[in-house]
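Listed below are the residues making up each chain.
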Amino acid sequence: MHNMVDLISQADTSGSESKLYSDICQIINQTRSNVATYANSELIMMNWSVGKRIKDDVLFNERAAYGKQIVKRLAQKLTAEYGKGWSDRTLQHCIRSAYTFDEKQIAYAVSIQLNWTHLRTLMFVPDELARSFYMEMCRIEHWDTRTLAAKIDGQLYERTAISRKPEEVIKQELTEVKKTNKLLPDLVFRSSYFLDMLGLPDAFSENELESAILSQIQLFIKELGNDFAFLDRQKRISVDSIDYYIDLLFYHRGLKRLVAIDLKLGKFKPEYEGQMLLYLRYLDKNERKEGEESPIGLILCSEGNTEHIEYLMLDDQSSIKVAQYYTQLPDKKLLAEKLQKAIIVAREHYAERNILK
């Protein structure tokens, strides 16, 4: 009898100790996380404040040569006092942060838990709206610094539909994202998707493209964005006793929408829109779940046609997006020129539409 009681007592003690250990681990882990967050926040604010103080001093003296000299001397003194972490390169980054971000922007970066490396990467993005875009995507999709650098290097902002809108519209939409914490379709869809990771031959068919996409679906989803979830390939739908097939069907968790994707070789043709609208109406009526938004269509074309692409992208009521896919990464300079031209055309469309209203 005593043995039975002892066993029960030991079991209770073991369970109690296990719970105690678990609770203590939770306290320690939470505290370590809080300390890391606090340390990161203080590091950012310290570096920005140092940069601002130097910036103000250099501006007061109004001499660029003075600025270079004082930074070099400061670096030597600070290194002697605090160690290797205060080189002139570090001070230059601090100064650049003060020129790039105002106090409100740096406080926001701290509040969304970006780290100093995030900010150092963002400093070299010259366009303020592009920086705001990348900052919001870091917050929403939890990008680490490597991912952020890769997205910037791949010119994600320039390839995203929102970049083709007038500056005021971009500001309004980014503000809406910040307030509502909800992704807008134009932040998710790109005007060009890079599919070079599929290893396609120079001449390929749509079936080969689709097979290549599906064989490396994880890589393709990463290019589309973190929230895309693959649902179906060649999804059969029946309308008026006629069967149609949607090439690829995804679900986007952030947008809470089904995304139908059609793969086409060559330039965009107007009839592709009618076909996609048929798919979307079917999905909206038969596949859309409670709480979901209306589905969106994405047409991937191997050759861009700016007029048609921009017309569809600029129609606020249109749920169809048209993108050009590349099977090799184009030259970055060539890509920048091509996309800059598309942005100019798009903004002209917006200006013309506003005049006609």
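Just above, that's the structure.
From a predicted model like this one, the values you see are computed outputs, not experimental measurements.

A. Highlighting the packing of aromatic side chains. Going through the model one piece at a time under the given rule, you end up with five aromatic pairs. Between Phe133 and Tyr134, the aromatic rings sit 5.2 Å apart at their centres with planes inclined by 70 degrees, giving edge-to-face as the arrangement. Judged by its relative accessible area of 0%, Phe133 falls in the buried class. Seen from their ring centres, Phe268 and Tyr272 are 6.0 Å apart, and the 75 degrees between their planes marks the pair as edge-to-face. For Phe268, a relative accessible area of 5% gives the class buried. Taken together through their ring pairs, the aromatic side chains of Phe133, Tyr134 and Tyr157 make up a single cluster. The ring of Tyr99 carries the charged tip of Lys55 above its face, separated from the ring centre by 5.1 Å. When the ring centre of Tyr108 is taken as reference, the NZ or CZ atom of Lys178 above it lies at 4.4 Å.

B. Up close: the sheet that holds strand S4 (residues 257-264). Strand order in this open sheet of six strands is S1-S6-S5-S4-S3-S2, and the pairing throughout is mixed. With one partner strand each, in any of the chains shown, strand S1 (192-194) and strand S2 (228-239) form the two edges of the open sheet. The average undirected angle you get between the axes of adjacent strands in this sheet is 35 degrees. The sheet contact formed by S2 and strand S3 (residues 242-252) spans 10 bridges and is antiparallel. Across the sheet, residue Ile237 finds its bridge partner in S3, namely Tyr244. Strand contacts of helix H12 (residues 270-286): S2, S3, S4, strand S5 (296-301) and strand S6 (320-326), with the helix running at about 150 degrees to S4, the strand carrying the most contacts.

C. Geometry of the nonpolar core. Leu119, Phe133, Tyr134, Leu187, Leu209, Phe250 and Ile261 are the most contacted members of the largest nonpolar core, which has 68 residues in total. For this core, the leading source of residues is helix H6 (residues 128-141), giving eight residues. In terms of nonpolar packing, the next biggest core, distinct from the first, is built from 17 residues, Ile237, Ala260, Phe268 and Leu283 among them.

D. How the structure looks around the packing of helix H4 (residues 103-111) against H6. In the contact formed by H4 and H6, the axes pass within 11 Å of each other and the chain directions differ by 20 degrees. Of the possible angle classes, the one that applies to H4 and H6 is roughly parallel. Of the two elements, H4 crosses H6, and the hand of that crossing is left-handed. Residues Gln105, Tyr108 and Ala109 of H4 lie in contact with H6, whose contacting residues are Glu128, Met135, Glu136 and Arg139. A breakdown of the residues in the contact of H4 with H6 according to their chemical character gives three nonpolar, one polar and three charged.

E. Local environment of H12. Between its first and last C-alpha, H12 extends 25 Å over 17 residues, near the 24 Å set by a 1.5 Å rise per residue. Looking only at H12, the buried set comprises Tyr272, Met276, Tyr279, Leu280, Tyr282 and Leu283. Axial view of H12: buried residues confined to an arc of 160 degrees, hence all on one face. Exposed residues pointing more than 90 degrees away from the buried face of H12 are listed as Glu271, Arg281 and Lys285. Packed against the buried residues of H12 are S2, S3, S4, S5 and S6.

F. View of the pattern of salt bridges. Using the criterion set out here, one finds 12 salt bridges in the structure. The partner of Arg236 in a salt bridge is Asp243, with the nearest N and O atoms 3.3 Å apart. Taking relative accessible area as the criterion, Asp243 reaches 36% and is therefore assigned partly exposed. Counted as one network, the salt bridges with shared partners bring together Lys165, Glu173, Asp186 and Lys321.

Thresholds, definitions, all that
Residues numbered from 1 in each chain as written. Predicted model: local features only at pLDDT ≥ 70, side-chain atom pairs only at ≥ 80, totals over all residues. Heavy atoms only, no water. Phe/Tyr/Trp six-rings, centres within 6.5 Å; stacked < 30°, edge-to-face > 60°. Buried < 20%, exposed > 50% of the residue type's maximum accessible area, 1.4 Å probe, protein only. Lys NZ or Arg CZ within 6 Å of the ring centre and 35° of its normal. Pairing = 2+ DSSP bridges. Helix = DSSP H or I, 4+ residues; strand = E, 2+ residues; numbered from the N terminus. Axes fitted to C-alpha atoms, helices over the stretch in contact; angles between N-to-C directions. Contact = heavy atoms within 4.5 Å. Core = buried A, V, L, I, M, F, W, Y, C linked by side-chain atoms within 4.5 Å. Parallel < 35°, antiparallel > 145°, perpendicular 65-115°, else oblique. Left-handed = near helix turned anticlockwise from the far one by under 90°. Nonpolar A, V, L, I, M, F, W, Y, C, P; charged D, E, K, R; others polar. Expected span 1.5 Å × (residues − 1). Arc of directions from axis to C-beta. Salt bridge = Lys/Arg side-chain N within 4 Å of Asp/Glu carboxyl O.

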